[in-house]
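An overview of the molecular structure
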Amino acid sequence: MPQEDYSKLVAAILEMSYQQRLSLRDMLDESLQQEEYAPPSLTVSSVEELHQKLDEGLTSIKKGQCIPAEVVDQRLHEKYGI
């Protein structure tokens, strides 16, 4: 994420109400407990292996093995009002 986008995101979070920030914190904490999306760490021993892992990830996305951003936005809005 570019630094400018990150700074805007932080500013938007700080403008949220206390309750919204608590809800966001809980959602982030919950999402960090789910290991199904990505391994906790990934070690590669060569550039070729890195490319292979990247290709696997991109293939998963192309197969639809991900949650579209619109769905994530809707879920956040419905569950946390953000």
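Placed above this text is the structure.
Rules used in this analysis
Going along each chain's sequence as written, the residues are numbered from 1 onward. Residues qualify for local features only when their pLDDT is at least 70, as the model is predicted, and side-chain atom pairs are given and counted only at 80 or more; totals for whole chains, interfaces and linings, by contrast, use all residues. Hydrogen atoms and water are omitted, and side-chain values are computed over all heavy atoms in the structure. A run of H or I in DSSP counts as a helix once it spans at least four residues, and a run of E counts as a strand once it spans at least two, with each numbered from the N terminus. Accessibility here uses a 1.4 Å probe with only protein chains present; expressed as a share of the type maximum, an area under 20% marks a residue as buried, one over 50% as exposed, and anything in between as partly exposed. Here the open area of atoms and residues is found with the Shrake-Rupley method and a 1.4 Å probe, where only the protein chains shown may cover a residue. Only residues whose relative accessible area exceeds 30% and that form no salt bridge enter a patch; like-charged residues are grouped when within 9 Å of one another, and nonpolar side chains (Val, Leu, Ile, Met, Phe, Trp, Tyr) when within 5 Å. Here, a salt bridge means any side-chain nitrogen of Lys or Arg that lies within 4 Å of a carboxyl oxygen of Asp or Glu. Side-chain atoms within 4.5 Å are what join buried Ala, Val, Leu, Ile, Met, Phe, Trp, Tyr and Cys residues into a set we call a nonpolar core. Contact between two residues is taken to exist if any of their heavy atoms lie within 4.5 Å; hydrogens are not considered. Axes here mean lines fitted to C-alpha atoms, for a helix over just the part in contact, with angles spanning 0 to 180 degrees between N-to-C directions. Any angle between 65 and 115 degrees counts as roughly perpendicular, while under 35 counts as roughly parallel, over 145 as roughly antiparallel, and the rest as oblique. Left-handed describes a crossing whose near helix is turned anticlockwise from the far helix by less than a right angle; the clockwise case is right-handed.

This part is about the overall build of the protein chain. Looking only at helices and strands, the protein chain features four helices and zero strands. Going from the N terminus to the C terminus, the protein chain shows its helices and strands as α-α-α-α. Looking at the protein chain residue by residue over its 82 residues, the buried ones come to 7%. For the protein chain, the computed accessible surface area is about 7,200 Å², with 56% contributed by carbon and sulfur atoms.

Our focus in this paragraph is a nonpolar patch on the surface. A surface patch of nonpolar side chains, amounting to about 330 Å² of accessible area, comprises Leu42, Val44, Leu50 and Leu54. Following the sequence through the fold, Leu50 ends up in helix 3 (residues 47-62).

As a further point, take the nonpolar core. Formed by Met16, Leu24, Met27, Leu76 and Tyr80, the largest nonpolar core amounts to five residues. Listed by contribution, the elements that provide at least two residues to this core are helix 2 (18-33) and helix 4 (69-80). Apart from the residues lying within four places of it in its own chain, the contact partners of Tyr80 are Gln20, Ser23, Met27, Glu30 and Arg75.

Turning next to the pattern of salt bridges. Taken as a whole, this structure holds three salt bridges when the rule is applied. For Arg25, the salt bridge goes to Asp26, with nearest N and O atoms at 3.1 Å. Taking the relative accessible area as the measure of exposure, Asp26 reaches 40% and is therefore partly exposed. Note that Lys79 and Glu30 form a salt bridge whose closest N and O atoms lie 3.8 Å from each other. Taken together, the positions of Lys79 in helix 4 and Glu30 in helix 2 put the pair 49 residues apart, joining distant regions of the chain. Residue classification places Lys79 among the exposed positions, given a relative accessible area of 55%. On the basis of relative accessibility, which here comes to 39%, the residue Glu30 falls in the partly exposed class.

What follows deals with the packing of helix 2 against helix 4. The contact between helix 2 and helix 4 brings their axes to 11 Å, and the two run at 130°. The pairing of helix 2 with helix 4 is recorded here as oblique in orientation. Crossing of helix 2 over helix 4 shows right-handed handedness. Only Leu76, Lys79 and Tyr80 of helix 4 make contact with helix 2, whose side of the interface consists of Gln20, Ser23, Met27 and Glu30.

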